Amino acid sequence: MSDRLEGLGAARRHFQVSGGKGGPTISFPENMKILLVFFLLHLPIGNLGQSANKQSNYVLIMADDLGIGDLGCYGNTTLRTPHIDSLAKDGVMLTQHIAAATLCTPSRAALLTGRYPIRSGMTSLHRIGVYIFAAGSGGLPTNETTFVKQLKEQGYSTGLVGKWHLGLNCESSEDHCHHPFRHGFDYFYGLPLTNLRNCKPNAGNIIIVGSRSNVRTVVQATILALCVLLLLDLFHLVTVPWRALGFVFLAVALLLVVVLLFLSQFRNINCILMRNRRVIQQPFSCENLTQRMTSEATSFMERNSDRPFLLFMSFIPVHTALYASPDFLGKSRHGLYGDSVEEMDWSVGQILASLERLNLSNRTLVYFTSDQGAHIEEISDAGEVHGGWNGIYKGGKATNWEGGIRVPGLLRWPGVLTAGKSINEPTSNMDLFPTIFNLSKAAMPRNRIIDGRDLMPLLLGEVQQSDHEFLFHYCNSYLSAVRWHPRHSSSVWKAHFFTPNFNPEGTQGCFDTHVCMCYGAYVSQHDPPLLYDLSRDPAESSPLTPTSEPRYHQILEAMREAVDKHQRTLTPVPDQLSLNNVIWKPWLQPCCSTVWEHCHCDNERSRSPALDGNTD
Ligand SMILES: *[C@@H]1O[C@H](CO)[C@@H](O)[C@H](O)[C@H]1NC(C)=O
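Structure report, in brief. Keep in mind that this is a model prediction, so the values were computed, not measured. In this numbering scheme, every chain counts its residues from 1 along its sequence in written order. Reporting in this predicted model follows two pLDDT cut-offs: at least 70 for local features of residues, and 80 or more for side-chain atom pairs to be given and counted; totals over whole chains, interfaces and linings ignore these cut-offs and use all residues. As a rule here, side-chain values come from all non-hydrogen atoms in the structure, and water together with hydrogens is ignored.

## Some details on the environment of Asp-537
Mapping Asp-537 onto the fold places it in the loop between strand S15 (523-533) and helix H15 (552-568). Among the residues examined, Asp-537 registers a relative accessible area of 12% and is labelled buried. A sequence separation of 45 residues divides Asp-537 from Val-492, and the C-alpha atoms of the two residues are 9.6 Å apart. Once you skip the residues sitting within four places of it in the chain, Asp-537 turns out to touch Tyr-532 and Ser-542. Side-chain polar atoms of Asp-537 contact the side chain of Ser-541, separated by 2.9 Å. Think of it this way: any DSSP run of H or I at least four residues long counts as a helix, any run of E at least two long counts as a strand, and we number them from the N terminus. Only protein chains enter the accessibility calculation, which uses a 1.4 Å probe; a residue is then buried when its area is under 20% of its type maximum, exposed when over 50%, and partly exposed in between. The contact criterion used throughout is that any non-hydrogen atoms of two residues lie within 4.5 Å. Definition of a polar contact: a pair of N or O atoms within 3.5 Å, with one able to donate and the other able to accept a hydrogen when the atoms are protein atoms, and with sequence-neighbouring residues admitted only if both atoms are side-chain atoms.

Shown next, in the form of C-alpha cells:
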C-alpha cells in the first residue's frame, strides 16, 4: 500500500482517540486534554468565523442522467419531487448551471478536480466516452487533486455512497489504483463502475443496443457480398474458393460464440457493489438498492455527527436499468422512470431529515445536481420512455445543446444563503472545487489550472456577475462549442463548431447510435459556427446571422481568440480513456468467488450496519 494510504490510516487512528465508536481506543493523557481545551479557548476571536467555516459539512448529491425538466422547482408539474424542490425553496437555485462534460465519467472527473476533464486525460477520442467494463485500466490519475483529498487532510470524514465510474485497477485485480480511497474518500459503499441495462435481469443489453446499427450494417454487407459472389460464380466470371470462405465463416462463428459467452456474463463481471475495498454483491441486486444507499448515507452522517464530514451521495438512479422499490413502483405518472425519480426524491428527503435530526442543517452546505442532461434516447426494449426530460432545452446527454449540459444546481445552507433566490448566471459543476477550498480556507493549488470559480460571492450576492466569462463545451475530447458571457452585459453568446446529426431526422436525439457521437460522419461541422444568444433564445431555436445581429463578426472573433487562448493552456497528458484503457482486461477483473462460480457472491443478505471505514 502506498504511503498516502498509510497516511490516511494514521489520520483515522488519530480520530479514534477523540470520537471513534468501537475499535481499540487509546486514551489521551489527561494533561494533553487540558492543553487542548486551553488552546481552543484562546483562539483569537477573528478566527471564529473561519473555524465555523472549517467545521461546515458538505452533502453533495448527484443524480445520474436526470433532466433539468424533471424537477418541480424547474417547472415540472407532473413529477413529484417535493424534497429536492425544498432545496430551491430554502436555498439558491441556479438556472444556468453547466456540466463540464456531457457524459458520466468526464463530468464526474470535472466535478472532483475543478478542471476540464481534458486536463486530466478523462476524455475520449473514440466512440466509447466512459468506462463500460469494471476491468478497464484507465481512471482518474492520482496526481490530480480533489477537494475530497483536501478536506481529508483537514480532518474530515469523507464518504462516497453510490456510483464512482472513475476507474478501479491498473495492473492487477486488487491494486485499486483508481479506487475512491486514492482520491480522498475514507468510506465507500457503491458501484465502482455504473449502472447499465445489463445490471437488471431482462432489462436489455446495452452493448447490443449501442452497436445495433453496426451489427445491422455488417449483416447486410455480408449478405450482399455473398449474393454478388454467388452470381459471379454462377456466370463463371470468377471461381470463388468456397472452401476457404467456409473456414473464414467458421472462424467468425466461433468468435461470435465467444462474444455471446462474454455478453452472457456481462452482468456478473460489471455490475459490482463494493464496501470499501471489498466486493460485497456481485452482481448487485436492484432490489431495495436506493433504500440501502439511503441508509448507508444516513448512517455515515450519524457516525460522523461529532466531526466535520463530506458526504458525496452519488445516486445510481435515474440511469438505466431503472428500478423502484414496491413503495414507489407504479406510483408516478411517468412510468418506471417517474417512479425512479420519485424514489430518489424520497431519498433526498431522508438525507435532509437526518441532517435536521442531527441538528446539522445550519452547519451543512447541501448541493444537488445531475452529471449531465437527460438521456432522451433511452427507450426500453418494450418501447417505454426510460430517459428524462430537459424542459425547453434542445438535445440531451452526449450533446452540447443546452439539454445535454444545463443541469439542476441547488445549494442550501440555512443562515448563510438567502432562501428562495434564483440566479441565472453561468456556473459550472467545476465550481465546487474552489468553493470548498475557499470555504475551508485552504490555499488553492498553484501547480495546476483550476477552471472552476468560487460560487460564494455570487450566491451571497456580493457580486451580480459570474466569474465565468467563457465556458468551453467539450464533446469527449473535441471542443464543440463555447459560451461567452461578456463582462457588464446580460448577453450569453454560444457558438457551436459542430453539432450531432440527429437520427431519425426531426427528432432531438441520436436514436440510431443510442448516444450521440462527437466526430466524423456523426456530426455536422459549422463554419461559420452556429451562434445563439442564450439570454434571449435559451432553446437555441434560431441561430443569429450578420443581419440579425450587427455584432455577429466581433462576437465570433472574440470567441475564437478565447478558444485559442484556452487551447494554449492544454498540455498533453496520458489518455485515460484510450481504447487500451477501456477494453476488458481479464487480469483486472474483480471477482468475489472463483471464476467457476461465475464471480458470484452476496454478502448483502446478512447486512450489518456496523461499518468501519478505511481499515481493510
Ligand atoms: C415532467 O417530467 C416527465 C418525465 O421526464 C416528462 O415526461 C414531462 O413532460 C415533464 N412535464 C413537464 C410539464 O415538464
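That was the structure; now back to the text.
## Quick word on the layout of surface pockets
Only protein atoms enter the 1 Å grid used here. Points where a 1.4 Å probe fits but cannot escape make up a cavity, open sets with protein on both sides within 12 Å along at least five of seven lines make up a pocket, and a residue lines them when an atom lies within 4 Å of a point. Grid points are joined across faces, edges and corners, and a volume is the space filled by probe spheres set on the points. Space inside the largest pocket adds up to approximately 1,500 Å³. Lining the largest pocket are 47 residues, and of these Ile-206, Ile-207, Ile-208, Gly-210 and Ser-211 lie nearest its centre. Listing elements by their share of the lining of the largest pocket, those giving two or more residues are helix H7 (206-234) and helix H8 (242-264). The biggest single contributor to the lining of the largest pocket is H7, with 10 residues. Charged means Asp, Glu, Lys or Arg here, nonpolar means Ala, Val, Leu, Ile, Met, Phe, Trp, Tyr, Cys or Pro, and polar covers whatever is left, Gly included. Class assignment of the residues belonging to the lining of the largest pocket gives a composition of 30 nonpolar, 14 polar and 3 charged. Domain boundaries shown here were taken from an automatic or database domain assignment. Here the lining of the largest pocket gathers at least three residues from each of two domains, domain 1 (61-195 + 271-602) and domain 2 (206-264).

## As for the site of the ligand
Around the ligand, the structure places Gly-69, Asp-70, Asn-76, Thr-77, Thr-78, Leu-79, His-334, Tyr-337, Gly-388 and Trp-389. Here an oxygen atom of the ligand and a side-chain polar atom of Asp-70 are 2.6 Å apart. Contact distances for the ligand include 3.5 Å between an oxygen atom and a side-chain N or O atom of His-334. Here, Shrake-Rupley sampling with a 1.4 Å probe gives the accessible areas, and only protein chains in the shown set may cover a residue. A total of 360 Å² of accessible area belongs to the ligand in isolation, and the protein chains cover 73% of it. Among the residues forming the shell around the ligand, the class breakdown is 3 nonpolar, 6 polar and 1 charged. Here a residue is near a molecule or strand as soon as one of its heavy atoms is found within 4 Å of it.

## Description of helix H5 (residues 104-113)
Among the 10 residues that make up H5, 10 are buried, leaving the element largely enclosed by the rest of the structure. Restricting attention to buried positions, one finds in H5 the residues Cys-104, Thr-105, Pro-106, Ser-107, Arg-108, Ala-109, Ala-110, Leu-111, Leu-112 and Thr-113. On its buried side, H5 packs onto strand S1 (57-63), helix H6 (147-153), strand S3 (157-163), strand S7 (309-314), strand S8 (364-370) and helix H13 (432-439).

## Considering a nonpolar patch on the surface
A contiguous nonpolar surface patch, about 890 Å² in accessible area, is contributed by Leu-226, Leu-230, Leu-231, Leu-234, Phe-235, Leu-237, Val-238, Trp-242 and Phe-249. For the nonpolar patch, the secondary structure elements donating two or more residues are H7 and H8. With 4 residues, the top contributor of residues to the nonpolar patch is H7. Mapped onto the elements of the fold, Trp-242 is located in helix H8. Exposure above 30% relative accessible area and the absence of a salt bridge qualify a residue for a patch, where like charges join within 9 Å and nonpolar side chains (Val, Leu, Ile, Met, Phe, Trp, Tyr) within 5 Å. A pairing counts as a salt bridge when a side-chain nitrogen of Lys or Arg comes within 4 Å of a carboxyl oxygen of Asp or Glu.

So, to be careful, I would describe these as geometric facts and stop short of saying anything about function.
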